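Coordinate inspection notes
These are the residues of each chain, in order.
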Amino acid sequence: MHKLNNATKLTDLSRVRSEHRRLGPTVAGVTSVAVVPRPASAKLTLQKVSQRYQSPHNGQLLALDNIELSVGAGEFVCIVGPSGCGKSTLLHIIAGLTHPAAGEVFLDGKPVQGAGTDRILIFQDLGLFPWLTVAQNVEFGMRMAGMSKNERREKARNYLRLVHLANFEDNYVHQLSGGMKQRVALARALATEPDVLLMDEPFAALDAQTRDLLHDELERIWAETGSTIVFVTHNVREAVRLGDRVVLLTFRPGRVKTEFHVNLPRPRHLEDVDVAQMARDIHDELRDEINKSLEAEYRHETHP
Amino acid sequence: MKRILKQAVFYAALLAVWVIVAKLKIWPPYVFPEPWGVWESLKAGFADHSFWIAIGVSMKRIAVGYGISVVLGVVLGLMIASSKFLEETLGGLLVSLQSLPSICWLPLAVLWFGLTEKAILFVVIMGSVLSITIAMEDGRHQMPKIYSMAGRNLGARGLKLFYFVLLPASLPYLVSGLKQGWAFAWRSLISGEMIFVSLGLGQLLMMGRDLNDMSQVIAVMILIVAIGYIVDALVFRLVERRLQEKWGLLPAA
């Protein structure tokens, strides 16, 4: 477990990563607990991404400020920050659903233009289509790509099996529980075989047991498919439980505050002592930002 | 069950009042017929096929006119909803035009198209297209944004996005507009058919008037109401029910 507090070093993550590859994860004054293979090439790179939005009171507000982020192929990165730090906005920008005010997003070194099935976002509210059955939802991306009916039915079955929902392919979405809907969304996203999977607080609304189960499943599927995942959450422990790396964003404007490499052995559990300890360390860093966020909310309430 | 009983009692009472008033002979029978006079007219109308022909002609017209209205309304509504400029200009115009009774389009239609099939179709379309357009526009606005984002994210673009995402996603909002559009189309059709020898139900009404045959007038009116009701119950309520089941909008049984 180590912590990189040096922002200047972080701006050049690809360099850090290549050093990791050559020298093992003990560079940058770090003592690692376990050796996690660090991918060499950057799958996804964000360069000086900024975003503004129109505030009803004070004109233009800076939501994201010069975000620099690099995610390696097959890496599981968790982004943590207080509410209002622009985490969701960041994912929307990566997905190409929102244009940043400045900066660029690169996938495999090429700048991305608009939405594309190489980056699939699982929305906080999932956005499953209620007029389609579970199987049709999973098939949707393949259908748009023009895949034949039999082929996509077959693939959808495989992905539904992967998320343990094979028996529900003909159900409609509203007939499923919250955890099952999550898994449908995951299957639908995976079925397009994206290069990068973007997840926006996907498990926030679930009960603890279901969330634990889905953590296990997500970790297994990530290992099986080798996906690159960017996972946004406000739950630090969840981030440590899942991520290879935890990126901390500041409160308004969102900036990269610090990064933590989580070199704990997998599979992990939320209750693991190491996970709890590291989550506490990260939380200490985060506390200031959370306070700022709460203060802002309080100010807003007293002086609307 | 209780509801059906209440309805039976209500209609029986209505019929009784009708019989009593007719029996009092305040007005002559050709002004205020008895129920069985109307019943005879209905039987005679179906027996000599004149009602069947009228129903056939009117249904064909409404199918064509309403069909055009639906396509036009959906496309127009989506266009308006996706352009701020159109919304502020055309959108406003359509809302104000909606206060115009569709029969007001008839003189214009007759001047443009003559006493033809086209004139009637024009009135039917003008009568129903506005409510469908406005419902589609509303539906597009009320539809949660997440569906179109999810659709784009999964690779749906342009026409595919429209057909596979925007249209089905706005259907629950659109369906009330389609229903209203149908009712307006049906009314406009009957009014349009009244003005010349058009073979439809509207003309049968006028024929009853010309022959001073109040029984026939009422018989045709009953027919018009019945068809309107049947289409509403068979088509729209089924569609609504199906939608609610799919979307899970039904209250838990």
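Predicted, not measured: the structure shown is a model, and the values here were computed from it.

1. Digging into the overall build of chain A
- Of the regular secondary structure elements, chain A holds nine helices and eleven strands.
- Residue burial in chain A is summarised as follows: out of 304 residues, 45% are buried.
- Here the analysis covers contacts within chain A between residues at least 6 apart in sequence; of these, 70% occur between residues at least 24 apart.

2. Looking at the packing of helix H4 (residues 134-144) of chain A against helix H5 (residues 149-162) of chain A
All names here are of chain A.
- Taken N-terminus to C-terminus, the directions of H4 and H5 make an angle of 120 degrees; their axes are 9 Å apart at the nearest point. Looking at the two axes, H4 sits oblique to H5. Along this stretch, H4 crosses H5, giving a crossing that reads as right-handed. Taking contact as the criterion, the partners of Val134, Ala135, Val138, Glu139, Met142 and Arg143 in H4 are, on H5, Arg152, Arg153, Lys155, Ala156, Tyr159 and Leu160.
- Grouping the constituent residues of the contact of H4 with H5 by class yields seven nonpolar, no polar and five charged.

3. Concerning helix H4 (residues 84-97) of chain B
- The terminal C-alpha atoms of H4(B) lie 19 Å apart, and with 14 residues this matches the ideal 20 Å at 1.5 Å per residue to within 8%.
- The largest bend in H4(B) comes to about 30 degrees, at B:Leu90.

4. Focus on the nonpolar core
- A:Ala187, A:Leu198, A:Val230, A:Val246 and A:Ile282 are the most contacted members of the largest nonpolar core, which totals 90 residues.
- Per-element accounting of this core gives the leading share, seven residues, to helix H6 (residues 178-191) of chain A.
- Apart from the residues within four sequence positions on either side, A:Ile282 is in contact with A:Val80, A:Val236, A:Val240, A:Val246, A:Leu248 and A:Phe260.
- The next biggest cluster of nonpolar side chains, apart from the first, holds 43 residues, and it includes B:Leu106, B:Ala109, B:Met214 and B:Leu223.

5. Here's the deal with the pairing of strand S11 (residues 256-261) of chain A
Residue and element names in this part refer to chain A.
- Counting buried positions along S11 gives five out of six residues, so the element sits mostly inside the fold.
- Of the strand pairs in this sheet, strand S10 (residues 245-249) and S11 are connected by five bridges, and their pairing is antiparallel. The partner of Val246 across the bridge, within S11, is Phe260.
- Between S10 and S11, which follow one another and run antiparallel, lie six residues.

6. Let's talk about the environment of A:Pro202
All names here are of chain A.
- Structurally, Pro202 is set in the loop between strand S8 (196-200) and helix H7 (208-225).
- For Pro202, a count of 22 C-beta atoms within 10 Å gives the class buried.
- Separated by 92 residues in sequence, Pro202 and Lys110 have C-alpha atoms that sit 28 Å apart.
- What Pro202 contacts, discounting residues up to four positions off in sequence, is Ile122 and Gln182.

7. Points about the sheet that holds strand S3 (residues 59-72) of chain A
Residues and elements named next belong to chain A.
- Pairing is antiparallel in the open sheet, where four strands are placed in the order S3-S2-S5-S6. At either margin of the open sheet sits one strand with a lone partner, and together these are S3 and strand S6 (110-111).
- Direction of pairing for strand S5 (residues 102-107) relative to S6: antiparallel, over a ladder of two bridges. Within S6, the position partnered with Phe106 by the bridge is Pro111.

8. Side note on the confidence of the model for chain A
- On average, residues of chain A carry a pLDDT of 78, and 84% of them reach 70 or more.
- Segment residues 1-40 of chain A is flagged for pLDDT under 50; beyond a separation of four residues in sequence, or across chains, it makes 63 contacts in the model.

9. Observations concerning the packing of helix H3 (residues 50-81) of chain B against helix H6 (residues 117-142) of chain B
Residue and element names in this part refer to chain B.
- Axis separation between H3 and H6 bottoms out at 6 Å; the angle between their running directions is 35 degrees. The crossing of H3 and H6 is right-handed.
- Across the contact of H3 with H6, the residue classes tally to 20 nonpolar, seven polar and three charged.

10. Looking at the interface of chain A and chain B
- The partner chain B presents 14 residues to the 20 residues of chain A that form the contact.
- For the side of chain A that touches chain B, the secondary structure elements donating two or more residues are strand S7 (119-122) and H4 of chain A.
- Of all the elements, H4(A) adds the most residues to the side of chain A that touches chain B, at three residues.
- When grouped by side-chain class, the residues that make up the side of chain A that touches chain B number 13 nonpolar, six polar and one charged.

Quick notes on the rules
Residues numbered from 1 in each chain as written. Chains lettered and ligands numbered in written order. Predicted model: local features only at pLDDT ≥ 70, side-chain atom pairs only at ≥ 80, totals over all residues. Helix = DSSP H or I, 4+ residues; strand = E, 2+ residues; numbered from the N terminus. Buried ≥ 20, exposed ≤ 12 C-beta atoms within 10 Å, placed from the backbone. Contact = placed C-beta atoms within 7 Å. Axes fitted to C-alpha atoms, helices over the stretch in contact; angles between N-to-C directions. Parallel < 35°, antiparallel > 145°, perpendicular 65-115°, else oblique. Left-handed = near helix turned anticlockwise from the far one by under 90°. Nonpolar A, V, L, I, M, F, W, Y, C, P; charged D, E, K, R; others polar. Expected span 1.5 Å × (residues − 1). Bend = angle between axes of the 7 residues up to and from the residue. Core = buried A, V, L, I, M, F, W, Y, C linked by C-beta atoms within 7 Å. Pairing = 2+ DSSP bridges. pLDDT = per-residue confidence, 0-100.

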